[in-house]
Amino acid sequence: QVQVVESGGGLVQAGGSLSLSCAASGFTLGTYTMGWFRQAPGKEREFVATISWSGDRTYYGDFVKGRFTISRDNAKNTVYLHMNDLKLEDTAVYYCGARAFGPPSITSPPDYNFWGQGTQVTVSS
C-alpha cells in the first residue's frame, strides 16, 4: 500500500525554524521526484520545493528566497523540509507529494501522484 506521511508541523514564532519530514512506504522513494506543497485557508495548493530522485537538483518557489531547504534520504525513504526565518504568511498545511519519474522542474500539484494528509504549520507574531 502506497503511503506518504508528513510530520513535524507545529506552532512557531515568526523568525523561528521548523523541520518537516515525509516518510514514504509501499514504493521505492529513490525512483520518485518528491515535492513539498502548501495550502492556506481559502487558497489553492502551491508549490514550495521539489527534489530530484537522486537529490542533485532542487527547485524552490519564489517566495522561499533561501529560507527553506529540501533534502532526501532514500535509504530511509524520507524527504525533509527545513524552514528558517518563518513568516506569518508561511502559515498553511504542508503536503508531501510524490511523482513517478519526470524532472523536479515539474512543480504543478496535479502532476504529483501520491499525497499525504498534510501537517499544519502555524507561524505566530
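Structure's up top.
Heads up: these notes are all about the structure in this document. Computed from a prediction, not measured in an experiment: that's the story for all the values here. Throughout, residues of each chain are indexed from 1 in the direction in which the sequence is written. This being a predicted model, a pLDDT of at least 70 is required before a residue's local features are given, and a value of 80 or more before pairs of side-chain atoms are given or counted; all residues contribute to the totals for chains, interfaces and linings. Side-chain figures throughout are based on the complete set of non-hydrogen atoms in the structure, without hydrogens or water.

Brief notes about the state of the cysteines
By definition, disulfides here are pairs of cysteine sulfur atoms that lie within 2.5 Å. Scanning the model with the defined rule gives one disulfide in all. Between Cys 22 and Cys 96 runs a disulfide, and the two sulfur atoms are separated by 2.1 Å. With the S-S dihedral at roughly -75°, the linkage between Cys 22 and Cys 96 falls on the left-handed side. On the criterion of sequence distance, the pair formed by Cys 22 in strand 3 (residues 18–25) and Cys 96 in strand 9 (residues 92–100) is long-range, its members being 74 residues apart. Grouping residues by exposure puts Cys 22 and Cys 96 together as buried. Helix numbering and strand numbering both begin at the N terminus, where a helix is a DSSP run of H or I of at least 4 residues and a strand a DSSP run of E of at least 2. The buried label applies to any residue whose accessible area, calculated with a 1.4 Å probe on protein chains only, is under 20% of its type's maximum; exposed applies above 50%, and partly exposed to all values in between.

Some words on unusual backbone geometry
A positive phi is found at Lys 65, a non-glycine position, where the angle reads about 50°. Here Lys 65 falls in the exposed class, since its relative accessible area comes to 72%. At Phe 101, a residue that is not glycine, the phi angle is positive and equals roughly 65°. Mapped onto the elements, Phe 101 comes out in the loop between strand 9 and strand 10 (114–115).

Regarding the sheet that holds strand 7 (residues 68–73)
At least two DSSP bridges between two strands are needed for those strands to be called paired. Strand order in the open sheet made by the four strands is 1-3-8-7, with antiparallel pairing throughout. Edge positions in the sheet fall to strand 1 (3–7) and strand 7, since each of these pairs with one other strand and no more. On average, adjacent strands in this sheet sit at an angle of 15° to one another, irrespective of strand direction. Both strand 1 and strand 3 contribute to a ladder of five bridges, which runs antiparallel. Its bridge partner lying in strand 3, Val 5 is registered against Ala 23. Lines fitted to the C-alpha atoms define the axes, with helices restricted to the stretch that makes contact. Angles between their N-to-C directions range from 0 to 180 degrees.

Regarding the pattern of salt bridges
Here, a salt bridge means any Lys or Arg side-chain nitrogen found within 4 Å of an Asp or Glu carboxyl oxygen. In the structure shown here, the tally under the stated rule is four salt bridges. Between Asp 90 and Arg 38 there is a salt bridge whose closest N-O contact spans 2.8 Å. Of the two residues, Asp 90 is situated in the loop between strand 8 (78–83) and strand 9 and Arg 38 in strand 4 (residues 32–39); the sequence distance between them amounts to 52 residues. No difference in accessibility class separates Asp 90 from Arg 38, as the two residues are buried. One salt bridge connects Lys 87 with Asp 85, and the closest N-O pair in it is separated by 3.5 Å. Residue class for Lys 87 comes out partly exposed when judged on its relative accessible area of 30%. In this structure, a network of salt bridges that share partners links the residues Arg 38, Glu 46, Arg 67 and Asp 90.

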